Amino acid sequence: MNPGVQILLVEDNPSDLALAVHAFKKHNLTNGVHVVRDGQEAIDYIFKTGPYAGRTCDSDPHVILLDLKLPKVDGHTVLKRIKSEESTRDIPVVVLTSSQAESDLTETYALGVNSYIVKPVDFDQFSEAVRLIGFYWLLLNRRPERPTVVPA
């Protein structure tokens, strides 16, 4: 059985991406992870446009881990788009960023983020954060079932 995409990781920094993927592997969370490297690719994936136009609903993410500082389209804009659309607003979005700026924290919560986590610098702390994110958002958290949309 293919679990589909459980985690959509939106990360452009190669070091942070490698660290996250390593942490996912350490905690057996890699099968359902899909990585996109900029804000436009995230929007295309989430809304099934551009190169992801043929993507099916069974590969919708269960949680989105979103960096804020992204090329093409920034994380705030991606978050705003996700939370403004009825079809995607119930997908949990966890901002995983190096920004400790109060303005980023305030703005993301105003836009509807579900959680804001500052990336730990230490690998062990980062790995533990990833484990806890996976445990909470994939195993404990419940959200409403999405109705199946049948194409006309």
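Up top is the structure these notes are about.
Description of the structure in this document. Keep in mind that this is a model prediction, so the values were computed, not measured. (Residues numbered from 1 in each chain as written. Predicted model: local features only at pLDDT ≥ 70, side-chain atom pairs only at ≥ 80, totals over all residues. Heavy atoms only, no water.)

Concerning the nonpolar core
Then comes step 1: One finds L8, V10, V36, I64, L66, V78 and V93 to be the most contacted residues of the largest nonpolar core, which totals 22 residues.
Then comes step 2: In terms of residues, this core owes the most to one element, helix α2 (residues 39-47), which gives 5 residues.
Then comes step 3: If we ignore the near neighbours within four places in the chain, the residues touching I64 are L8, V10, I46, I82, I91, P92, V93 and V94.
Then comes step 4: Core analysis: the next-biggest nonpolar cluster, separate from the first, contains 17 residues, I7, A23, V94 and V130 among them. (Core = buried A, V, L, I, M, F, W, Y, C linked by side-chain atoms within 4.5 Å. Buried < 20%, exposed > 50% of the residue type's maximum accessible area, 1.4 Å probe, protein only. Helix = DSSP H or I, 4+ residues; strand = E, 2+ residues; numbered from the N terminus. Contact = heavy atoms within 4.5 Å.)

Here we look at the packing of aromatic side chains
Then comes step 1: All told, the structure shown has 1 aromatic pair when counted by the stated rule.
Then comes step 2: Taking the centre distance of 5.0 Å and the plane angle of 75° together, the rings of Y45 and Y52 count as edge-to-face.
Then comes step 3: For Y45, a relative accessible area of 3% corresponds to the buried category.
Then comes step 4: When the ring centre of Y45 is taken as origin, the NZ or CZ atom of R55, which lies over that ring, is 4.1 Å away.
Then comes step 5: Note that R81 overlies the ring of F47, its terminal NZ or CZ placed 3.9 Å from the centroid. (Phe/Tyr/Trp six-rings, centres within 6.5 Å; stacked < 30°, edge-to-face > 60°. Lys NZ or Arg CZ within 6 Å of the ring centre and 35° of its normal.)

Let's talk about the sheet that holds strand β4 (residues 93-97)
Then comes step 1: Pairing is parallel in the open sheet, where 5 strands are placed in the order β2-β1-β3-β4-β5. Single-partner strands in this sheet number two, and they are β2 (33-36) and β5 (115-118). Neighbour-to-neighbour, the strand axes of this sheet turn through a mean angle of 20°, independent of strand direction.
Then comes step 2: Where strand β1 (residues 7-10) and strand β3 (residues 63-66) come together, 4 bridges link them in parallel fashion. Considered in β3, the bridge of L9 is made with L65.
Then comes step 3: Strand contacts of helix α1 (residues 14-26): β1, β2 and β3, with the helix running at about 160° to β1, the strand carrying the most contacts. (Pairing = 2+ DSSP bridges. Axes fitted to C-alpha atoms, helices over the stretch in contact; angles between N-to-C directions.)

Regarding the packing of α2 against helix α3 (residues 75-84)
Then comes step 1: Axis separation between α2 and α3 bottoms out at 9 Å; the angle between their running directions is 15°. Relative to α3, α2 is oriented roughly parallel. α2 and α3 meet at a crossing whose hand is right-handed. For the pair α2 and α3, contact is made by G39, A42, I43, I46 and F47 and by V78, R81 and I82, respectively.
Then comes step 2: Considering only residue class, the contact of α2 with α3 consists of 6 nonpolar, 1 polar and 1 charged. (Parallel < 35°, antiparallel > 145°, perpendicular 65-115°, else oblique. Left-handed = near helix turned anticlockwise from the far one by under 90°. Nonpolar A, V, L, I, M, F, W, Y, C, P; charged D, E, K, R; others polar.)

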